[in-house]
Amino acid sequence: DTRLSDPPQGAELCLTTVTPVYRGEAYLERLVEALARLRSRLAGSSAPIVLLESIFVDDGSADNSSRVLESLQRQHPWVRVVTLSKNFGQHPATICGILHSSGDWIATLDEDLQHDPLHVLHLMAYAVERGLDIVYARPTGKVHGVAYRDVSSRLFKRMMSSISGNPHVALFNSFRLIRGSVGRAAAAVVGHKTYLDVALGWFTDRIDGLGIPMKDPRPSGGYRFRSLLSHAWRLLSSSEIKVLRSGAAVGFAALLGTVLASILLLVYKALAPDAPWVRGWTSLALGMLFFGGLTSFLIGIVLEYVTIILLQVHGKPTFFVVDRSSDAALAPLVTEVRATVESVEAT
């Protein structure tokens, strides 16, 4: 067991990075070098935080990643390797890494160097400055190098945000910084079909995104259509669907409108008994609207209860307690990161 559960002497806060690995043979050594630079940067900071561990989850890797990870673990005592029995996918592998983490903060990164570990400093400074529990890296510029992939990705997220009623869907990204207690609590309740980022939102609403430059180094980067459908289904099945409530509201409006229209027609008939009428069609239309509205309204109520039960099955908590008192100790990190950014911009 290579777990480093106890933080180094003198350090108050610890950072853990989590990286799922599937085809990372060509990138892992450079990624660990970048993580080592992050570790040195934190060690030289006046803020009391260290990179305690970098967890790599071998998700049934399809190349020589396992051997590379074994070598890196021997070279660096802060590198931990968790090996899954087979390929489960990026989300389950990330969840596994989060559950094995010990840090006060957890940063999740991809294996392919798309996410620069040094940008974790910017995410952490932003989180501390604004009192956040989760910060997503919001890509600036083109990520996949192909315009239609970036546009389709943004459109997909906006569509899912509208359907699910979750305002944070547009921020969802595999490069994220999570408060350790929130991340481990969410990972502990996530089921087979639960979307991790939706579950994180069950435990906190202090969520935001920070613009970070990212570039996908793989020519075939980005999700394929089948993967997008799978993500969409898991996201929707984990969410409270706003469309269901809209359907119930439309059904109730039709039901109420039909009742009011019937009353108005009866009053009009009483006041103007000699007015011309097309017999049968009015009552038929009102009957169809009444029972159609009633059916839509009742189905909406049933689906709302089904959604509540489903969210309980997924593990959505009634409440959650979080301690943010240690954030004040990271104030020097905010100052240092801001100074670095201003220096780069001036240059």
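Residues numbered from 1 in each chain as written. Predicted model: local features only at pLDDT ≥ 70, side-chain atom pairs only at ≥ 80, totals over all residues. Heavy atoms only, no water.

S.K.: With reference to specific residues and values, describe the sheet that holds strand S7 (residues 207-213).
M.R.: The seven strands are arranged S3-S2-S1-S4-S6-S5-S7 in an open sheet whose pairing can be described as mixed. Two strands bound the open sheet, and with one partner strand each, they are strand S3 (79-83) and S7. Strand-to-strand, the axes of this sheet are offset by a mean angle of 25°, without reference to chain direction. Each of strand S1 (13-21), strand S2 (49-58) and S3 is contacted by helix H2 (residues 65-75), which is oriented at about 145° to S3, the strand it contacts most. Docked against the sheet, helix H7 (residues 196-203) engages strand S5 (134-140), strand S6 (176-179) and S7, running at close to 35° with respect to S6. (Pairing = 2+ DSSP bridges. Helix = DSSP H or I, 4+ residues; strand = E, 2+ residues; numbered from the N terminus. Axes fitted to C-alpha atoms, helices over the stretch in contact; angles between N-to-C directions. Contact = heavy atoms within 4.5 Å.)

S.K.: Can you explain the nonpolar core? Please cite residues and give values.
M.R.: Grouped together as the largest cluster of nonpolar side chains are 41 residues, with contacts concentrated most on Leu15, Ile49, Phe56, Met124 and Leu177. If near-sequence neighbours (up to four positions away) are discounted, leucine 177 is found in contact with Leu15, Trp105, Ile106, Ala107, Val120, Leu123, Met124, Ala127, Asp133, Ile134 and Val135. Core analysis: the next-biggest nonpolar cluster, separate from the first, contains 29 residues, Val18, Val57, Val190 and Val198 among them. (Core = buried A, V, L, I, M, F, W, Y, C linked by side-chain atoms within 4.5 Å. Buried < 20%, exposed > 50% of the residue type's maximum accessible area, 1.4 Å probe, protein only.)

S.K.: Kindly report on the packing of aromatic side chains, identifying the contributing residues and their values.
M.R.: All chains considered together, the criterion is met by three aromatic pairs. Summarising the aromatic geometry, the rings of tyrosine 136 and phenylalanine 172 are spaced 5.7 Å apart at their centres and angled 45° between planes, so their arrangement reads as tilted. Of this pair, tyrosine 136 sits in strand S5 while phenylalanine 172 is found in the loop between helix H5 (147-164) and S6, placing the two residues 36 residues apart along the sequence. A residue is classified by how much of its surface remains accessible, and tyrosine 136, at 0% relative accessible area, is buried. (Phe/Tyr/Trp six-rings, centres within 6.5 Å; stacked < 30°, edge-to-face > 60°.)

S.K.: Before we move on, could you go through a nonpolar patch on the surface and cite the residues and values that matter?
M.R.: Side chains of Phe252, Leu256, Val259, Leu260, Ile263, Val267 and Leu271 sit close together on the surface and give an oily, nonpolar patch of about 650 Å² of accessible area. Take leucine 260: it is sitting in helix H9 (residues 242-271). Exposure remark for leucine 260: the relative accessible area of 48% places this residue in the partly exposed category. (Patch = residues over 30% accessible without salt bridge, like charges linked within 9 Å, V, L, I, M, F, W, Y side chains within 5 Å. Areas by Shrake-Rupley, 256 points an atom, 1.4 Å probe, with all protein chains shown as cover. Salt bridge = Lys/Arg side-chain N within 4 Å of Asp/Glu carboxyl O.)

S.K.: Describe the confidence of the model for the protein, and please don't skip the residues or the numbers.
M.R.: In the predicted model, the protein carries a mean pLDDT of 82, and the fraction of residues at 70 or more is 76%. Considering only residues more than four positions removed or in separate chains, one finds that residues 1-9, a stretch of pLDDT under 50, has 18 contacts. (pLDDT = per-residue confidence, 0-100.)

S.K.: Tell me about the pattern of salt bridges, residues and numbers included.
M.R.: Applying the stated criterion to the full structure yields six salt bridges. The closest approach of N and O atoms between glutamate 129 and arginine 338, which form a salt bridge, is 2.3 Å. One end of the pair, glutamate 129, is in helix H4 (residues 119-130); the other, arginine 338, is in helix H11 (residues 331-346), and 209 residues separate them in sequence. We classify glutamate 129 as partly exposed; its relative accessible area is 48%. Of the residues examined, arginine 338 reaches a relative accessible area of 37% and is grouped as partly exposed. One network of salt bridges, with partners in common, ties together Asp133, Arg179, Arg324 and Asp327.

S.K.: Got a sec to walk through the side chain of aspartate 58? Specific residues and values, please.
M.R.: Here aspartate 58 lies in strand S2. Among buried Asp, Glu, Lys and Arg side chains, aspartate 58 stands out as unpaired, with arginine 67 the closest opposite charge at 10.0 Å. Non-local contacts of aspartate 58, meaning those with residues more than four positions away in its chain, are made with Val21, Ser66, Leu69, Val82, Thr83 and Leu84. (Lys, Arg positive; Asp, Glu negative; His and termini not counted.)

S.K.: Would you mind going over the packing of helix H6 (residues 180-189) against H7 in detail, with residue names and values included?
M.R.: Interaxial distance between H6 and H7 falls to 9 Å at its minimum, and their mutual angle equals 120°. Between H6 and H7, the angle falls in the class oblique. Classified by chirality, the crossing of H7 by H6 is right-handed. When H6 is examined against H7, the residues Val182, Gly183, Ala185, Ala186 and Val189 are found in contact with a partner set consisting of Ala199, Leu200, Trp202 and Phe203. (Parallel < 35°, antiparallel > 145°, perpendicular 65-115°, else oblique. Left-handed = near helix turned anticlockwise from the far one by under 90°.)

S.K.: Before we move on, can you summarise empty space enclosed by the protein with the specific residues and values?
M.R.: Counted under the stated rule, the structure contains one cavity of 30 Å³ or more. Volume-wise, the largest cavity comes out at about 30 Å³. Every residue lining the largest cavity is listed: Tyr136, Asn166, His168, Phe172, Asp197, Val198, Gly201 and Ile207. Here the lining of the largest cavity gets three residues from one element, more than from any other, and that element is H7. (1 Å grid on protein atoms, 1.4 Å probe; cavity = no way out; pocket = protein on both sides within 12 Å on 5 of 7 lines; lining within 4 Å. Points joined across faces, edges and corners; volume = space filled by probe spheres on them.)

S.K.: Can you explain the environment of histidine 100? Please cite residues and give values.
M.R.: Residue placement: histidine 100 occurs in the loop between helix H3 (90-99) and strand S4 (105-108). With 45 residues separating them along the chain, histidine 100 and isoleucine 55 place their C-alpha atoms 8.0 Å apart.

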